[in-house]
Amino acid sequence: MSYKLTKIDAKHLPMRLLVKNIGILAGIDTGGVSKRCGDEMSQLTAINDAWILVEDGLVADFGTLSPPPSGGGRGEADDQIIDAHGGAVLPCWCDSHTHLVWAGSREGEFVDKINGLSYAEIARRGGGILNSADRLHEATEQQLFDQAMRRVDEVVAKGTGAIEIKSGYGLNTRDELKMLRVVARIADSTRLRVVSTFLGAHAVGREFAGRQADYVDHVINDMLPAVAAEGLADYVDVFCDTGFFTATETERILEAAARYGMRGKIHAQELSPDSGGVQAAVAHRALSVDHLESMTDADIDLLRDSDTIPTALPGTSFFLNMPFAPARKMIEAGLPLAIASDYNPGSTPSGDMKFVVSLACIKMRLTPAEAINAATINGAAAMGISDAYGSLAPGKVANFFITEPIPSLAFLPYAYTTPLIRRTYLAGLPAGQ
Ligand code: NIG
Ligand code: FE
C-alpha cells in the first residue's frame with residue numbers, strides 16, 4: 001500500500017469492493033508509472049471483459065474473465081459487488097488547473113466578447129478578474145463554499161477524482177486567505193483529492209491600482225507568509241503575461257515561494273509569445289507551466305531539458321476563440337503533456353473533462369489514448385500526486401468511473417456531448433451517495 005488515506009476516506013470504507021462485467025478496463029498499470037512522455041502517451045493499457053478489486057479504498061488487483069468469487073474469496077460480510085453491465089472503467093480525470101472557487105458569474109462579458117471585445121480589452125476596462133474580485137469581496141466564506149460545492153459535485157459526477165484549485169480572486173490578504181480556506185474546506189468535506197495553489201499575482205488588486213511593483217511586494221512580503229503560516233497552499237502561481245505580471249516579477253515570487261518549500265504552477269504564454277513565462281518557470285523548476293497558446297519552438301526546447309510539465313487548456317482556447325497550444329509539437333518533442341479544464345468564470349466556465357478530452361482530440365489532434373493519458377496520469381503528475389492517482393495500479397487510490405457500454409475507448413471523446421459517465425467512485429466509494 002503506497003498511499004495513506006485521509007480521515008474522510010477512512011470513515012466509511014467498505015473493506016472490499018469488486019467491480020465485475022467491465023467491458024473495457026483502461027488506464028491500468030502495475031505500478032511505478034508517474035507520467036507518460038512523448039510517444040509513451042499513446043500507451044493506454046486496457047483489458048477487455050475485466051474486473052477490478054478494491055481493498056480499503058485502494059486498488060488491490062484486476063484481471064480478465066472470471067473475477068475472484070465474492071470479492072476475492074474471503075466472503076467477508078462487508079464485501080460489495082458492483083456489476084458494470086459491460087461499461088468501461090477508467091481512472092478518474094485529474095484536473096490539474098482550475099479556479100473553481102468564485103462568486104457569481106460573468107455572462108455579461110461573454111456577451112461583450114460576442115460583440116467583439118477581446119479578453120485583454122475586457123480586463124483593461126476593469127472587468128475580468130477584477131470583476132470577480134469585487135464579487136468575491138462581498139461574498140461570505142459560507143456563500144463561496146456553497147457555490148463552489150455545486151461545481152465540485154458537478155465535476156465529480158462527470159468523472160473528476162483529483163483537482164487543483166487556485167486562489168486569485170481575492171487580491172488582498174484577507175480575501176486570498178478566505179478563498180484558500182474555502183479550498184481547504186472542500187478538501188476536508190469531500191473524498192475528491194484537492195491540491196491548492198496560491199495565485200495572489202493573478203491581477204493587481206484594486207487598492208494597488210497603478211502600483212504594480214508595490215502589489216508584487218505585498219504578495220511576497222505579506223500574502224505569501226500568511227498563506228504559508230496557515231499551510232493553505234501546496235503551490236504558487238503567477239499570471240505571467242503581457243498586461244499582467246512580468247517574467248522578472250514572476251521570478252521574484254517563485255524565489256520567495258521556494259523559501260517556503262513551494263513550487264510554481266505558472267500561467268504563461270497565453271496572450272503573448274514573448275512574455276518569458278516558460279523561461280521563468282523552467283529556471284525556477286516550476287512543477288507545471290500552463291496555457292501555452294502562443295508558445296514558441298524555443299519554449300519547447302527549454303521544456304525538453306526540464307522536469308516542468310506543460311499543460312494545455314483547450315477549453316479556454318475554445319471559449320475565447322483563441323489559438324490552441326501546439327500540443328502535437330510538444331508530444332513530438334518527447335514532453336509529458338497534460339490537459340486541464342481551467343474551470344473559471346471568465347475564460348472557460350466549464351469543468352467538464354470529458355469535453356476537454358474531446359477538444360484535445362478534435363482541435364489539437366491528440367489521439368484518444370494520448371488525450372486520456374494527458375487528462376489522467378499526466379494531470380496527476382502536474383499536481384505532484386501521480387504516486388497515488390492518475391492510473392489504476394495496485395496500491396493507488398481507487399478513483400475511477402464507470403461508463404455506459406461503449407464499443408471502444410475512442411467512443412468517449414467521439415460522442416462529445418453524450419453523458420456516458422454513469423458513476424464516479426472515489427476511494428472505492430460511489431460519489432454523491
Ligand atoms: O486561466 N489567464 C488567467 N486566468 C484565468 C482566467 C481568469 C478569469 O478570467 O477570471 C485563466 O484563463
Ligand atoms: Fe487559469
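Residues numbered from 1 in each chain as written. Chains lettered and ligands numbered in written order. Predicted model: local features only at pLDDT ≥ 70, side-chain atom pairs only at ≥ 80, totals over all residues. Heavy atoms only, no water.

**Student:** Explanation requested: the domain arrangement of the protein in the structure shown.
**Tutor:** Note on interface size: it is often stated as the accessible area lost on association of the parts. Domain annotation of the protein identifies domain 1 (10-91 + 389-430) and domain 2 (94-381). On a C-alpha basis, the centres of domain 1 and domain 2 stand 29 Å from each other. Together domain 1 and domain 2 conceal approximately 2,600 Å² of surface at their shared face, both sides included; 67% is due to carbon and sulfur atoms. Joining domain 1 to domain 2, the criterion identifies zero salt bridges. Remark: the boundary between domain 1 and domain 2 carries 14 residue pairs in polar contact (both at pLDDT 80 or more). Looking at the side of domain 1 that touches domain 2, the elements with two or more residues in it are β5 (88-91), α17 (411-414), β15 (421-426) and β16 (429-430). If one sorts the elements of the side of domain 1 that touches domain 2 by residue count, β15 sits on top with three residues. Counted by class, the side of domain 1 that touches domain 2 contains 18 nonpolar, 10 polar and four charged residues. (Domains from an automatic or database assignment. Buried area = accessible area lost by both parts, 1.4 Å probe. Salt bridge = Lys/Arg side-chain N within 4 Å of Asp/Glu carboxyl O. Polar contact = N/O pair within 3.5 Å; in protein donor to acceptor, adjacent residues only side chain to side chain. Helix = DSSP H or I, 4+ residues; strand = E, 2+ residues; numbered from the N terminus. Nonpolar A, V, L, I, M, F, W, Y, C, P; charged D, E, K, R; others polar.)

**Student:** So what exactly am I meant to see when it comes to the coordination of the iron ion (ligand 2) here?
**Tutor:** Six octahedral donors around a metal ideally make angles of 90 or 180 degrees; four tetrahedral donors ideally make 109.5 degrees. The coordination sphere of the iron ion (ligand 2) contains the protein donors His-97 (NE2), His-99 (NE2), His-267 (NE2) and Asp-342 (OD), at a distance range of 2.1 to 2.3 Å. Linear spacing of the donor residues for the iron ion (ligand 2) on their chain is H-x1-H-x167-H-x74-D. Highlighted residues: His-267 in strand β10 (residues 263-268) and Asp-342 in the loop between β13 (338-339) and α14 (353-364), separated in sequence by 75 residues. (Donors = N, O, S within 2.8 Å, 3.2 Å for Na, K, Ca; no water.)

**Student:** I tried to follow the confidence of the model for the protein on my own but got confused; where do I start?
**Tutor:** In the predicted model, the protein carries a mean pLDDT of 94, and 94% of its residues have values of at least 70. Long-range and interchain partners of residues 1-11, a stretch whose pLDDT sits below 50, account for 24 contacts in this model, where long-range means more than four residues apart. (pLDDT = per-residue confidence, 0-100. Contact = heavy atoms within 4.5 Å.)

**Student:** What am I meant to see in the pairing of strand β8 (residues 193-201) here?
**Tutor:** Within β8, eight of the nine residues are buried, leaving the element largely enclosed by the surrounding structure. With five bridges connecting them, strand β7 (residues 160-166) and β8 associate as parallel partners. Its bridge partner being in β8, Ile-163 is matched across the sheet by Val-194. One ladder, built from three bridges, connects β8 with strand β9 (residues 235-240); its direction is parallel. What sits directly across from Ala-201, in β9, is Val-238. Tracing the backbone out of β8, into helix α8 (residues 212-229) and back to the parallel element β9 gives a crossover that is right-handed. (Buried < 20%, exposed > 50% of the residue type's maximum accessible area, 1.4 Å probe, protein only. Pairing = 2+ DSSP bridges. Right-handed = clockwise from strand over helix to strand, strands pointing away.)

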